[in-house]
Amino acid sequence: MLQFTKSSISEMSKVFRLNLINSCTGYKSANLIGTKSPGGISNVAVFSSVTHLGSNPPLLGFVIRPTTVPRNTYENIKKTGVFTVNHINSSQIKDAHHSSAKYATDISEFDKTNLQEEYLDGFFAPFVKNSNIKMACEFTNEYHIKENDTLLFVASIESVYVADELIQEDGWLNLDKANTVAINGLDGYTKPTLLDRFKYARPDQKIQSFFENDT
Ligand SMILES: Cc1cc2nc3c(=O)[nH]c(=O)nc-3n(C[C@H](O)[C@H](O)[C@H](O)COP(=O)(O)O)c2cc1C
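The notes below deal with the structure included here. (Residues numbered from 1 in each chain as written. Predicted model: local features only at pLDDT ≥ 70, side-chain atom pairs only at ≥ 80, totals over all residues. Heavy atoms only, no water.)

**Quick look at the overall build of the protein chain**
A count of helices and strands for the protein chain gives five helices and twelve strands. Once the C-alpha set of the protein chain is aligned to its principal axes, its extents read approximately 60 × 50 × 30 Å. Out of the 215 residues in the protein chain, the part that is buried amounts to 36%. A separation of at least 24 residues holds for 57% of the contacts in the protein chain among residues at least 6 apart in sequence. Separation of charge centres in the protein chain, based on 21 positive and 24 negative side chains, amounts to 6 Å. (Helix = DSSP H or I, 4+ residues; strand = E, 2+ residues; numbered from the N terminus. Buried < 20%, exposed > 50% of the residue type's maximum accessible area, 1.4 Å probe, protein only. Contact = heavy atoms within 4.5 Å. Lys, Arg positive; Asp, Glu negative; His and termini not counted. Charge placed at Lys NZ, Arg CZ, Asp CG, Glu CD.)

Structure, rendered in structure tokens:
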């Protein structure tokens, strides 16, 4: 196996390091964050750092890169307090990637891609129309990560929208059926396949699949 030590990583070219370190922690979630400025300009951008923080209260978090350059998502959330998180599905990957392009503040990525904005139940921020799983979120807090000047944004999940056929009786969402993709590195989009789903693990008990009979 190849070994890359901390000192060899520090001597790599920027692109090689970026690709290696973005891939080595595994697949990441693939979401579009929708926001709108107080003046009404909508914005959508791909984020791979959205992660579950807790279910009671329902919380998620995501990392924002250093705000040393203008970041519309950051500005809009700070000014309006709300945003949406929309799963990227396999039919949206090109447009999702396009949404990372640095468009000027007065330009909406919804006008530059085939992604369509939609407004649900009076929520101020735009949702992405064809996403099968989407959430309305309210900003609650930000934490400065001093090691690299990034920000961890924490938000409460105010609503979850799910296509009917994706939810199981116990609340579990079938992301495979939803065609939700994952991100490999910073530019690879992949479609994971569900292998199995297991019941709660207890010491010294055989692991049981949800899809097999108990007997
Ligand atoms: C696959 C992928 C994942 C990304 N994930 C993040 C992320 O987690 N945090 C972040 O700040 N930027 C991330 N970006 C960069 C943003 O999409 C990009 O900066 C975008 O221009 C932000 O748009 P905005 O200025 O409209 O907010 C990612 C880009 C790509 C291509």
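**With respect to the side chain of E118**
Turning to its location among the elements, E118 is positioned in strand β7 (residues 117–118). Here E118 falls in the buried class, since its relative accessible area comes to 17%. A distance of 2.6 Å separates the side chain of E118 from the side chain of K134, its partner in a polar contact. (Polar contact = N/O pair within 3.5 Å; in protein donor to acceptor, adjacent residues only side chain to side chain.)

**Brief notes about the packing of aromatic side chains**
Tallying each qualifying case throughout the model produces eight aromatic pairs. Pairing F62 with F83 gives two aromatic rings, centres 5.4 Å apart and planes at 70°, and the pair type is edge-to-face. In this pair, F62 is assigned in strand β5 (residues 58–64) and F83 in strand β6 (residues 82–87), connecting sequence segments 21 residues apart. With a relative accessible area of 0%, F62 lands in the buried category. A relative accessible area of 0% places F83 in the buried class. One aromatic cluster is present, built from ring pairs that chain together F47, F62, Y74, F83, F139 and F153. Against the face of F210 rests R197, its NZ or CZ located 3.9 Å from the ring centre. Over the face of the ring belonging to F210 we find K199, whose NZ or CZ atom lies 5.8 Å from the ring centre. (Phe/Tyr/Trp six-rings, centres within 6.5 Å; stacked < 30°, edge-to-face > 60°. Lys NZ or Arg CZ within 6 Å of the ring centre and 35° of its normal.)

**As for the sheet that holds strand β2 (residues 31–36)**
Read from one edge to the other, the open sheet built from seven strands follows the order β3-β2-β6-β9-β10-β5-β4, with strand pairing classed as antiparallel. Only two strands of the sheet have a single neighbouring strand rather than two, namely β3 (42–47) and β4 (51–55). Recorded for the sheet is a direction-independent mean angle of 35° between the axes of neighbouring strands. The pairing of β4 with β5 spans four bridges and is antiparallel. (Pairing = 2+ DSSP bridges. Axes fitted to C-alpha atoms, helices over the stretch in contact; angles between N-to-C directions.)

**Description of the pattern of salt bridges**
A side chain of one charge can pair with a side chain of the opposite charge when the charged atoms of the two come close. In this structure the tally under the stated criterion is five salt bridges. The partner of E142 in a salt bridge is K78, and the shortest N-O contact between them spans 2.1 Å. Separated by 64 residues along the polypeptide, E142 in strand β9 (residues 133–145) and K78 in helix α3 (residues 72–80) bring together distant segments of the chain. (Salt bridge = Lys/Arg side-chain N within 4 Å of Asp/Glu carboxyl O.)

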